[in-house]
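Tertiary structure, described
Listed below, chain by chain, are the residues.
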Amino acid sequence: MSAHSLKFWVAVLYAAIVAGIVSTIVQLLLWWTFWDALPGILYRDARFAAAIIMGQEALPPPETFDWQVMFIATGIHFILSIVYVIMLSQLIDRLKLKSSLIMGGLYGLALFTINMYGFVILFPWFVGTRDWITVVAHIIFGVSAAGVYKALSIS
């Protein structure tokens, strides 16, 4: 593996991990601040994500903590984060930091649209996550992914 290739993968992995964590924390804080829905909404969304692998059997209530569901949902979250950062890296590779952050925000908005209006064709239960907090979380994902990727990939 070349030094350039290693630098790319390190930047992608760190950007995906940081963006996945930061966007989740922001989403949790917004739920906590504006809605009286925790922890049920977190468990619901984890079941939605886990159902991609586990099937619709993961969906029914109760919306309680389940280690298997949380493990699978977290894995899906980070695998998608890596894939999304790889795609974002191609869009921002030649941009300066400020432009990369703007593009990251727009990219996050595009991801929200694709995830919540496109993927629902295959996974219709995600319709329940179409809200302004999820939009903000996707935008934060894009901005933080772009920022970390740029910080780590600058030659």
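Scroll up to find the structure this text is about.
Residues numbered from 1 in each chain as written. Predicted model: local features only at pLDDT ≥ 70, side-chain atom pairs only at ≥ 80, totals over all residues. Heavy atoms only, no water.

Within the protein one finds five helices and zero strands. Listed N to C, the secondary structure of the protein is α-α-α-α-α in terms of helices and strands. Taking 15 Å as the expected radius of gyration for a compact globule of 155 residues, we find that the protein reaches 16 Å, a close match to that expectation. In terms of principal-axis extent, the alpha carbons of the protein reach across some 50 × 35 × 25 Å. The 155 residues of the protein split such that 41% are buried. Excluding contacts between residues fewer than 6 apart, the proportion of contacts in the protein whose partners are at least 24 apart in sequence is 67%. If you sum the accessible surface of the protein, you get close to 8,800 Å²; carbon and sulfur atoms cover 73% of it. (Helix = DSSP H or I, 4+ residues; strand = E, 2+ residues; numbered from the N terminus. Rg over C-alpha atoms; globule rule 2.2 N^0.38 Å. Buried < 20%, exposed > 50% of the residue type's maximum accessible area, 1.4 Å probe, protein only. Contact = heavy atoms within 4.5 Å. Areas by Shrake-Rupley, 256 points an atom, 1.4 Å probe, with all protein chains shown as cover.)

Turning next to helix 5 (residues 132–153). Over its 22 residues, helix 5 runs 31 Å from end to end, which matches the ideal 32 Å to within 8%, given 1.5 Å per residue. Taking the backbone nitrogen of Ile 133 as reference, a side-chain oxygen 3.0 Å away marks Asp 131 as the first, capping residue of helix 5. (Expected span 1.5 Å × (residues − 1). Polar contact = N/O pair within 3.5 Å; in protein donor to acceptor, adjacent residues only side chain to side chain.)

Where helix 2 (residues 40–54) contacts helix 3 (residues 67–92), the axes come no closer than 8 Å and their chain directions differ by 75°. Judged by the inter-axis angle, helix 2 sits roughly perpendicular to helix 3. Across the interface between the two elements, Leu 42, Ala 46, Arg 47, Ala 49, Ala 50, Ile 52, Ile 53 and Met 54 from helix 2 touch Gln 68, Val 69, Met 70, Ile 72, Ala 73 and Ile 76 from helix 3. Per-class residue counts for the contact of helix 2 with helix 3 are 12 nonpolar, one polar and one charged. (Axes fitted to C-alpha atoms, helices over the stretch in contact; angles between N-to-C directions. Parallel < 35°, antiparallel > 145°, perpendicular 65-115°, else oblique. Nonpolar A, V, L, I, M, F, W, Y, C, P; charged D, E, K, R; others polar.)

Attention shifts here to the nonpolar core. By size, the foremost hydrophobic cluster in this structure holds 17 residues, and its most contacted members are Val 85, Leu 88, Phe 141, Ala 145 and Tyr 149. Looking at this core, the elements with two or more residues in it are helix 1 (3–34), helix 3, helix 4 (97–118) and helix 5. Counting residues per element, this core draws most heavily on helix 1, at six residues. Apart from residues lying up to four places away in sequence, Ala 145 is in contact with Ala 15, Ala 19, Val 85 and Leu 88. (Core = buried A, V, L, I, M, F, W, Y, C linked by side-chain atoms within 4.5 Å.)

A few words now on the pattern of salt bridges. Inspection of every chain in the model, using the stated rule, returns one salt bridge. The closest approach of N and O atoms between Asp 45 and Arg 44, which form a salt bridge, is 2.6 Å. Each of the two residues, Asp 45 as well as Arg 44, counts as buried. (Salt bridge = Lys/Arg side-chain N within 4 Å of Asp/Glu carboxyl O.)

Our focus in this paragraph is the side chain of Gln 27. Among the secondary structure elements, Gln 27 is positioned in helix 1. By relative accessible area, Gln 27 is classed as buried at 15%. Not counting residues within four places of it along the chain, the set of residues in contact with Gln 27 comprises Asp 45, Ile 133, Thr 134 and Ala 137.

Here we come to the packing of aromatic side chains. Within this structure, the stated rule accounts for nine aromatic pairs. With centroids separated by 6.3 Å and ring planes inclined at 80°, the aromatic side chains of Phe 8 and Tyr 149 adopt a geometry described as edge-to-face. Here the residue Phe 8 occupies a position in helix 1, and Tyr 149 occupies one in helix 5, the gap between them amounting to 141 residues. With respect to burial, Phe 8 and Tyr 149 carry one shared label: buried. The interplanar angle of 70° and the centroid separation of 5.9 Å between the aromatic rings of Phe 48 and Phe 126 together place this pair among those described as edge-to-face. With Phe 48 in helix 2 and Phe 126 in the loop between helix 4 and helix 5, this pair connects stretches of sequence that are 78 residues apart. (Phe/Tyr/Trp six-rings, centres within 6.5 Å; stacked < 30°, edge-to-face > 60°.)

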